[in-house]
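Listed below are the residues making up each chain.
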Amino acid sequence: MSNGNVLITGGSRGIGAATSKYFSKNNYNIIINYIKDNKSANKLKQEIESKYKVKVMTIKCDVSKEEDVKNMTKDINNTLGNIDILINCAGIAIDSTLEDKTVNNFKRILDVNLIGTYNTCKIIGMKMKENKKGSIINISSTNAIDSYYPYSMDYDASKAGVISLTHNFALLYAPYIRVNTIAPGWVNTDMNKELDKEYIEEECKHILLNRFAHPEEIAKEIYHIAVEATYINDSIIKIDGGRKND
């Protein structure tokens, strides 16, 4: 018997994929949400099922669309039952110079990163509140707190909004549902694979541990906060390897 059902938005790649693996390792059924890359989602599903005796469901959904999230939630409830843990990993970035930024790209980033988090926290969180049980982890970024990159100001703004949502949903869902945010710094994911080697080396000089995080390190902390840290609520947990005073 599993420990519960975990929905991971953006669960097929990067931090989401590492989190899917870590929760399945700890005997949780996994729902892998994706929007385009069904190949990666199905490959991850097969990998998890070959290693662990848990149920794995893949589901396509654009979390920025309210009706899609409602339909996804209904499908999950009908197939596996209630969602016990929600982890909002879905996110995009479109870095560019200010001159090249467009309102349409800005809106798309907000739609996925901020509105998507709002939709799942509202629709799934309200169901959790009815059941008086659940845990929500939102993924923000140190870009929303104390690391600023003008090329990604749209991404940064969306992640600052996620922190605000976390505080508000924690207030709304108390005392039954814990809502927390993990704010990673640099992580070795596909989102950052196009960065120049020289740029990475320069960024590492500002990190006390002198390297980017591995997705698995973020996944472990997500699990800890979602499952084990039962008195941590309405908190923003930075995972950035420590920052040097520049």
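Undergrad: Explain the nonpolar core to me, please; I cannot follow it from the model alone.
TA: Judged by nonpolar contacts, the single largest core of 30 residues is most densely connected at Phe23, Ile87, Ile182 and Ile222. Listed by contribution, the elements that provide at least two residues to this core are β1 (5-9), α1 (14-25), β2 (29-34), α2 (38-51), β4 (85-88), β5 (135-139), α7 (215-228) and β7 (236-239). For this core, the leading source of residues is α7, giving five residues. Other than its neighbours up to four places away in sequence, isoleucine 222 contacts Ile15, Thr19, Phe23, Ile87, Ile137, Ile139 and Ile182.

Undergrad: Where do I start with the state of the cysteines in this structure?
TA: By definition, a disulfide links two cysteine residues through a covalent bond between their sulfur atoms. Within the structure shown, the criterion is met by zero disulfides. Between cysteine 61, a free cysteine, and cysteine 121, which holds the nearest cysteine sulfur, the sulfur-to-sulfur gap is 14 Å. Here cysteine 61 falls in the buried class, since its relative accessible area comes to 4%.

Undergrad: Looking at this model, I keep getting lost on the packing of aromatic side chains. Mind explaining?
TA: When we look at a pair of aromatic rings, we describe it by the centre distance and by the angle of the planes. Here the structure, examined in full by the defined rule, presents nine aromatic pairs. Ring geometry for tyrosine 22 against tyrosine 223: centres 5.4 Å apart, planes inclined by 70 degrees, an arrangement best described as edge-to-face. Taken as a pair, tyrosine 22 in helix α1 and tyrosine 223 in helix α7 lie far apart in primary sequence, 201 residues in all. Note on tyrosine 223: relative accessible area 9%, which makes it buried. Ring geometry for tryptophan 186 against tyrosine 199: centres 6.0 Å apart, planes inclined by 85 degrees, an arrangement best described as edge-to-face. Of this pair, tryptophan 186 sits in the loop between β6 (178-184) and α6 (197-204) while tyrosine 199 is found in helix α6, placing the two residues 13 residues apart along the sequence. Under the relative-accessibility criterion, tryptophan 186 is labelled buried at 18%. Tyrosine 199 sits in the partly exposed class, given a relative accessible area of 31%. Feature note: the residues Tyr22, Phe23, Tyr28 and Tyr223 constitute an aromatic cluster, connected by ring pairs.

Undergrad: Is there a simple way to explain the side chain of asparagine 119 in this structure?
TA: Tracing the chain through its elements places asparagine 119 in helix α4 (residues 103-131). For asparagine 119, a relative accessible area of 4% puts it in the buried group. Here serine 64 takes part through its backbone oxygen, which lies 3.3 Å from a polar atom of the side chain of asparagine 119. When near neighbours in sequence (up to four residues on either side) are disregarded, asparagine 119 contacts Val63, Ser64, Lys65, Glu66, Val69 and Ile124.

Calculation notes
- Residues numbered from 1 in each chain as written.
- Predicted model: local features only at pLDDT ≥ 70, side-chain atom pairs only at ≥ 80, totals over all residues.
- Heavy atoms only, no water.
- Core = buried A, V, L, I, M, F, W, Y, C linked by side-chain atoms within 4.5 Å.
- Buried < 20%, exposed > 50% of the residue type's maximum accessible area, 1.4 Å probe, protein only.
- Helix = DSSP H or I, 4+ residues; strand = E, 2+ residues; numbered from the N terminus.
- Contact = heavy atoms within 4.5 Å.
- Disulfide = S-S within 2.5 Å.
- Phe/Tyr/Trp six-rings, centres within 6.5 Å; stacked < 30°, edge-to-face > 60°.
- Polar contact = N/O pair within 3.5 Å; in protein donor to acceptor, adjacent residues only side chain to side chain.

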